[in-house]
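# Report on the structure
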Amino acid sequence: MNSKFAAYHTPEILVDTDWLAANLETPGIRIIESNEDLLLYDVGHIPGAVHIDWRRDLNDQTTRDYIGPQAFAELCRRHGITPETTLVFYGDKSNWWACYAFWVFQLFGHTKAKILDGGRDKWEAENKPLTRSVNAFPASDYPVPSKRDDEAHRAYFQQTLEHCKAGKKLVDVRSPKEYSGEVTHMPEYPQEGVLRGGHIPGAKSAPWARAANADKTFKSREELEAIYANELGLKTDDDIIAYCRIGERSSHTWFVLKYLLGYNQVRNYDGSWTEWGNMVRTPIEVGA
Amino acid sequence: MPYPTALNEIIELFEFLPEAARRETLINYADAAAACGRKEGVAYNLEDVRKDEECTDTVGVFVRVDDEDRVHFAIELGPKVQTLTKAMTAILCRGLNGSTLIEVMAVPADFVPRIIGAELVRLRSQTVYYVLGRMKTAVKMFTDRRRAELP
């Protein structure tokens, strides 16, 4: 095993690029690419990878919610995934959307899942193979999960409001200027509709990017603990909610806290600032 | 206001493509974006190279205006620019090169969804409008400078 991984709370939750390159044709593994760049998979992907698009495949198209158990089972069946299949997620933007897709799969209890450390950027930087040929796997008979287990992994607005009022731990993973309220969207992105700038009262700022190295891999456990345990003061049994603007950057932090550092109670507030910042009669704080 | 003829032809091509072919054609255009860069030995009348908040990487826009007052663009994209932005760069270079300055300034942005289609139009893909904005800005800068230099 990669020596860096061994120090993490859940070492087997990551694979590195060399491991994946050596296991492209290993039975029982399905590689899943999930990106922000909508055409990146079509431009070229890791051989054998299937494409899961966060909006088309994971979001319900008529409610602001995720797909339900039936649609999740159908998604898995289309890609030949069974409950025994080990999933390896990767993608662009330092694995934002890979972590997001991974997180949605956890809502349905598919725990045989891993993240490719460094994601697509590292794979490309190492000149590992990409292909445009799309594999069609035989449909599987993935059973419909009994429910979507939001409780363990996901926080809704009302829960976050109560969390805030109770003075529990909130981690704002957006950029510093988004946190302070100076801007309402991250640099390089369009405004996505929020009316106010600032952060949830009591939330501490820890931009997601601090958890990533320049090559998009996760930082070492020691480096991560320096941020989350030492600077933010998070304790193992704290009840923690992470948020960003729509829940993708906070999926990255959720993954770091839960699997790399072993925090027991971490949820992702996917409504995030787009919901909180617009909600009538909801308090905010501004400033650093 | 009608689109320049070359751009109109591209728009009409895309409008009749099924989704899979549309994606493939967009990727082909994205691949062609690398050829839209500056040409050696060509003197450009205006160079505007910068990175701003709407784009993920540095984008350089180079403008040459010929003797007939028609504009020719070269555009250089950084490596992190998204595929749709690359595709739109190649489409706009092909569709607008040879147009007059006034024609470029008058091009409405409403053709973008007709090219990329409903499936790919998303809030987070709004940077497809970015290159057109930069081209128009460059043309306006050129026009303003020329006006200022007039006796």
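Calculation notes
Residues numbered from 1 in each chain as written. Chains lettered and ligands numbered in written order. Predicted model: local features only at pLDDT ≥ 70, side-chain atom pairs only at ≥ 80, totals over all residues. Heavy atoms only, no water. Salt bridge = Lys/Arg side-chain N within 4 Å of Asp/Glu carboxyl O. Helix = DSSP H or I, 4+ residues; strand = E, 2+ residues; numbered from the N terminus. Buried < 20%, exposed > 50% of the residue type's maximum accessible area, 1.4 Å probe, protein only. Pairing = 2+ DSSP bridges. Contact = heavy atoms within 4.5 Å. Axes fitted to C-alpha atoms, helices over the stretch in contact; angles between N-to-C directions.

## Regarding the pattern of salt bridges
- With the rule as written, the count across this model stands at 32 salt bridges over all chains.
- For Arg 38 of chain B, the salt bridge goes to Glu 76 of chain B, with nearest N and O atoms at 3.2 Å. Of the two residues, Arg 38 of chain B sits in the loop between helix H2 (19-32) and strand E1 (46-50) while Glu 76 of chain B sits in strand E3 (residues 70-77), which places them 38 residues apart along the sequence.
- For Arg 38 of chain B, a relative accessible area of 42% corresponds to the partly exposed category.
- Of the charged contacts in the structure, one is a salt bridge between Asp 144 of chain B and Lys 140 of chain B, with a shortest N-O distance of 2.9 Å. Pair noted here: Asp 144 of chain B and Lys 140 of chain B are both in helix H6 (residues 130-149), with a separation of four residues, about one helical turn.
- Exposure remark for Asp 144 of chain B: the relative accessible area of 32% places this residue in the partly exposed category.
- The network of salt bridges with common partners includes Asp 65, Arg 148, Asp 150, Arg 154 and Asp 270 of chain A.

## A closer look at the sheet that holds strand E2 (residues 59-65) of chain B
Residues and elements named next belong to chain B.
- The four strands are arranged E1-E2-E3-E4 in an open sheet whose pairing can be described as antiparallel. Whereas interior strands pair on both sides, the edge strands pair on one side only; in this sheet they are E1 and strand E4 (99-100).
- In this structure, E2 lies alongside E3, joined through seven bridges in antiparallel fashion. Note that in E3 the partner of Val 59 across the bridge is Leu 77.
- Contacting E3 and E4, helix H3 (residues 83-96) crosses the sheet at an angle of about 165 degrees to E3.
- On top of the sheet, H6 reaches E1, E2 and E3; it is set at about 140 degrees to E1, its chief contact.

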